[in-house]
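# Observations on chain architecture
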Amino acid sequence: MCDHYSTDLWLDHFEYRRLTVPLGEDKIPLLYILGVLRMTDVTLVTGDGIGPEIAEATRRCIDATGAEINWAVAEAGVEVMEKVGTPLPEATVESIKRTGVALKAPITTPVGKGFRSINVHLRQSLDLYACLRPCKSYEGVRSRYTDIDLVVVRENTEDCYAGVEFQSGKDDTDALINWINKHNERKVRAKSGITIKPISVLATERIVGFAFAYARRMGRKKVTSVHKANIMKYSDGLWLEVSRQVAKKYPDIEFEDRIVDNMCMQLIQKPELYDVLVLPNLYGDILSDLCAGLVGGLGVAPGANIGEKGAIFEATHGSAPKYKGQNKVNPTALILSGVLLLRHIGKMAEADKLENAVAAVIAEGKSVTYDMKPHRDDPTAVGTSQMADAIIEKMRRYSIPDVGDSTLSV
Ligand code: NAD
C-alpha cells in the first residue's frame, strides 16, 4: 500500500511555488520581500467564449477577499489557437507546473483539430488524478432539494475512460476476440467493439486516500465508496477491496460502500445520509452530474482536478459561446471554484468570506444573473460583472476575521 496520499498532499502544494526576488537591485526593501513572501502565485487561464468574462469577475472577487494572490495570466482555447497554432501553448502548461495551482475558465473544444479535448490533455499532462465536485444547496437557487452538502471524488485516469478501445471489425479486435474466446468461458460475439476497463491498485489507493484525506482536512465524517463489485469482480471487486484497506488507515472517518445503482436511488431519496462519495471514473462522471442536479444545476457547480503536480480549479459548465462578450452569464460556478482554490492553498477565512458573500447575494436574489431569476427574461437580472460587484460589496461590509476562524457569516 502506498502511504503518501495523506493530508500532506496539501502541504506539498506549498512547495511548488517559487518566489522571484529581484536580486539585481542594490537594496531590496524589507517590506517588499515580506509582501512577496505573503503572495501566492496562481495561474489564471482565461479560456474563451464566456471564459474571459467570468474569469475577470472571479479574479476581482478573490482579490477582494484580501487573499494575496499574484496572478500569472495564461491563455488557452480556440482564440489563442488562431494566434499561435495550438489551443494549449506550452507556456500555459509550464505556468501551471510552476505555480502548482490554476483557476481555469472554460475552453471550447476545437472540432476536428489537434487535441481531442484540451481539458483532458491538461489533466493527463499534469496527472490530475482526482476530480473534486462539491454539491451544496444555497438558499435562493431553484432546486427540488434543500440542505444538500455532498462531495463527489471521481478517479480521473482509468476505468472505461482510459482510452483502451478496440474498433469493431479491425484485425486487432478480431485477434483479441479470438484470444478471449479461447481463454474465457464467456464468449464475445464477432464484430463487437471493445472498451477495456482497467482498475489498478495504485490508482484506487491514491484516489480513496485522497477522499479520506480531504474528509479529514475539511472536518467531514464519512466516506462512501461506490462500485458494482457484485458483477465486475476483478475490476470493481479490486476497487472495493482496496477501499476497505485504505479506510483502515482513517479510523476517525466512518466508511461504508454502496453498489452504484442503489447509490443513485439513495441520492434521490435520502441524500442527507451521505457526505463524501468516492467513485471510479465512469460512475463518478454520471453521479457528479446527478449531484449537481440535486443542488440546482451547472450554474452553481464548482469543480477541481487535483494531482501531485498541481491543481486546476474550474466550473463544471462549458464556454457557452453564444453568450460570449454579452456580460450576461452567471459567474457563480467559477467563483465557487475560486472558493475551493482558496481552501486548497490554506486561505480558509478568505474562502469562507467569499462563499458567504456569494450565498448572501444569491439568497437576496436581487443582483443575480438571468438564469437565477424566476423567469429568464426578468428585466431586473444583472450582468456577470454586476453580480461580481454585488458579491464584492457584501464582503466589504464585513471585515475578515483571523485566519483559521471559519465561522464568519455575512
Ligand atoms: P455549455 O456548458 O458551455 O453551455 C450549455 C448551455 O448552458 C449554454 O448555452 C447556456 O444556456 C448554459 N450555461 C452554461 N454556462 C452558463 C453560465 N455560466 N451562466 C448561464 N448559463 C450558462 O455546454 P456546451 O454548449 O455543450 O459546450 C460549449 C463548449 O464548451 C464545447 O466546446 C465544450 O467542449 C466546452 N466545454 C468546456 C468545458 C471546460 O472547459 N471545462 C466543460 C464543458 C464543456
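What comes next is a walk through the structure. (Residues numbered from 1 in each chain as written. Predicted model: local features only at pLDDT ≥ 70, side-chain atom pairs only at ≥ 80, totals over all residues. Heavy atoms only, no water.)

Surrounding the ligand, one finds 20 residues, the nearest of these being Ile 107, Thr 109, Gly 318, Ala 320 and Asn 330. One of the backbone N or O atoms of Ser 319 is found 3.0 Å from an oxygen atom in the ligand. Here Tyr 370 contributes a side-chain N or O atom positioned 3.3 Å from a nitrogen atom of the ligand. Contact with the protein chains covers 68% of the free accessible surface of the ligand, which is 810 Å². (Near = heavy atom within 4 Å. Polar contact = N/O pair within 3.5 Å; in protein donor to acceptor, adjacent residues only side chain to side chain. Areas by Shrake-Rupley, 256 points an atom, 1.4 Å probe, with all protein chains shown as cover.)

Attention shifts here to the sheet that holds strand β1 (residues 40–45). Read across the sheet, 10 strands follow the order β2-β1-β3-β12-β11-β4-β5-β10-β8-β9 without closing on themselves; strand pairing throughout is mixed. Each of the sheet's edge strands pairs with one partner strand only, and the pair in question is β2 (69–74) and β9 (254–259). Each neighbouring strand pair of the sheet contributes to a mean axis angle of 25°, computed without reference to strand direction. Running over the sheet, helix α3 (residues 51–64) touches β1, β2 and β3 (101–104) and is turned about 170° from β2. Along the sheet face, helix α8 (residues 201–217) touches β4 (130–136), β5 (149–155), β8 (222–227), β9, β10 (276–279) and β11 (302–306) and points at about 160° away from the line of β5. (Pairing = 2+ DSSP bridges. Helix = DSSP H or I, 4+ residues; strand = E, 2+ residues; numbered from the N terminus. Axes fitted to C-alpha atoms, helices over the stretch in contact; angles between N-to-C directions. Contact = heavy atoms within 4.5 Å.)

Turning to the pattern of salt bridges, a few remarks are in order. Applying the stated criterion across every chain, the model contains 26 salt bridges. Notably, a salt bridge pairs Glu 75 with Lys 83, separated by 2.8 Å at the nearest N-O pair. Note on Glu 75: relative accessible area 37%, which makes it partly exposed. Among the charged side chains, a network of salt bridges with common partners joins Lys 136, Arg 343, Asp 352 and Glu 355. (Salt bridge = Lys/Arg side-chain N within 4 Å of Asp/Glu carboxyl O. Buried < 20%, exposed > 50% of the residue type's maximum accessible area, 1.4 Å probe, protein only.)

What follows covers the packing of aromatic side chains. Throughout the structure, instances matching the rule amount to 4 aromatic pairs. With a centroid separation of 6.2 Å and 85° between ring planes, the pair formed by Tyr 129 and Phe 210 is classed as edge-to-face. Of this pair, Tyr 129 sits in the loop between α6 (118–125) and β4 while Phe 210 sits in helix α8, and the two are 81 residues apart along the sequence. Judged by centre distance (6.1 Å) and plane angle (35°), the rings of Phe 212 and Phe 255 are tilted. Remark: Phe 255 occurs in strand β9 and Phe 212 occurs in helix α8; sequence separation between them is 43 residues. Ring pairing ties together the aromatic residues Phe 212, Tyr 250 and Phe 255, which thus form one cluster. Geometry around Tyr 274 places Lys 222 over its ring, the cationic atom sitting 5.2 Å from the centre. Above the plane of the ring of Tyr 370 lies Lys 328, whose end atom (NZ or CZ) is 4.4 Å from the centre. (Phe/Tyr/Trp six-rings, centres within 6.5 Å; stacked < 30°, edge-to-face > 60°. Lys NZ or Arg CZ within 6 Å of the ring centre and 35° of its normal.)

Angle between the axes and distance between the axes: these two values describe a pair of packed helices. Helix α13 (residues 348–364) packs onto helix α12 (residues 332–344) with a crossing angle of 160° between their chain directions and a minimal axis gap of 7 Å. Classified by the interaxial angle, the pair formed by α12 and α13 is roughly antiparallel. The way α12 lies across α13 gives a crossing that is left-handed. Two secondary-structure elements touch here, α12 through Thr 332, Ile 335, Leu 336, Val 339, Leu 342 and Arg 343 and α13 through Met 348, Glu 350, Ala 351, Asp 352, Leu 354, Glu 355, Val 358 and Ile 362. (Parallel < 35°, antiparallel > 145°, perpendicular 65-115°, else oblique. Left-handed = near helix turned anticlockwise from the far one by under 90°.)

Here β3 shows no split at all, with Val 101 and Leu 103 on one side and Ala 102 and Lys 104 on the other all buried. One ladder, built from 3 bridges, connects β1 with β3; its direction is parallel. Considered in β3, the bridge of Val 45 is made with Lys 104. Strand direction decides the pairing type here: β3 and strand β12 (residues 311–315), joined by 4 bridges, are parallel. Within β12, the residue paired with Ala 102 across the bridge is Ile 312.

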